[in-house]
Amino acid sequence: QVHVVESGGGLVQAGGSLRLSCEASGDISFINYMAWYRQYPGKERELVAKVGSDSATTYADSVKGRFTIYRASASNTVYLQMNSLKPEDTAVYYCEVLVQRIGLRGRENDWGQGTQVTVSS
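All of the points below concern the structure found in this document.

### Looking at the pattern of salt bridges
Summed over the entire model, instances satisfying the criterion amount to six salt bridges. Ionic pairing is found between Arg 66 and Asp 89, a salt bridge with its closest N-O pair at 2.8 Å. Remark: Asp 89 occurs in the loop between strand S8 (77-82) and strand S9 (91-101) and Arg 66 occurs in the loop between strand S6 (57-59) and strand S7 (67-71); sequence separation between them is 23 residues. Per residue, the accessibility class of Arg 66 equals that of Asp 89, and both read buried. Through salt bridges with shared partners, a single network forms among Arg 38, Glu 46, Arg 66 and Asp 89.

Now the structure itself:
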């Protein structure tokens, strides 16, 4: 079983910063990638940032230059540093991991429960 737990959300003023954390644990043999998504009310989740096992990163255009995703070395923890926050960044942020589990074939996606980020104007 794989557990994904996010933390670090909260309320911040526009222009401020927050850092989200996500830890994956359980019977994981390999993590292919770790990613952050966000979801607005009534909308589908959208990719914010992603970091692969080779440390290659992908960002949504709306966050480029403001957000940074990085994975702690030799760790199953990923961070999302969010700077210059805007009210339109207000959403529930979810962590997703694509993993290979010990003793099992194939890969699976696992999600955290989400953390609320609210940016006031």
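After that view, the rundown keeps rolling.
### Quick look at the state of the cysteines
Tallying each qualifying case throughout the model produces one disulfide. Residue Cys 22 pairs covalently with Cys 95 via a disulfide, S to S 2.0 Å. Residues Cys 22 and Cys 95 share a disulfide whose torsion about the S-S bond is about -80°; that sign makes it left-handed. Of the two residues, Cys 22 is situated in strand S3 (residues 18-26) and Cys 95 in strand S9; the sequence distance between them amounts to 73 residues. In this structure, Cys 22 and Cys 95 share a single accessibility class: buried.

### A short note on the nonpolar core
Ranked by size, the top nonpolar core spans 29 residues in total, and within it Trp 36, Leu 80, Met 82 and Tyr 93 carry the most contacts. Of all the secondary structure elements, the ones that give two or more residues to this core are strand S1 (2-7), S3, strand S4 (28-39), strand S5 (46-52), S7, S8, S9 and strand S11 (115-120). In terms of residues, this core owes the most to one element, S9, which gives five residues. The contacts of Tyr 93, once residues within four sequence positions are left out, are Glu 6, Leu 20, Trp 36, Tyr 37, Arg 38, Val 48, Phe 67, Leu 80, Met 82, Gly 114, Thr 115 and Val 117.

Basis of the calculations
- Residues numbered from 1 in each chain as written.
- Predicted model: local features only at pLDDT ≥ 70, side-chain atom pairs only at ≥ 80, totals over all residues.
- Heavy atoms only, no water.
- Salt bridge = Lys/Arg side-chain N within 4 Å of Asp/Glu carboxyl O.
- Helix = DSSP H or I, 4+ residues; strand = E, 2+ residues; numbered from the N terminus.
- Buried < 20%, exposed > 50% of the residue type's maximum accessible area, 1.4 Å probe, protein only.
- Disulfide = S-S within 2.5 Å.
- Core = buried A, V, L, I, M, F, W, Y, C linked by side-chain atoms within 4.5 Å.
- Contact = heavy atoms within 4.5 Å.

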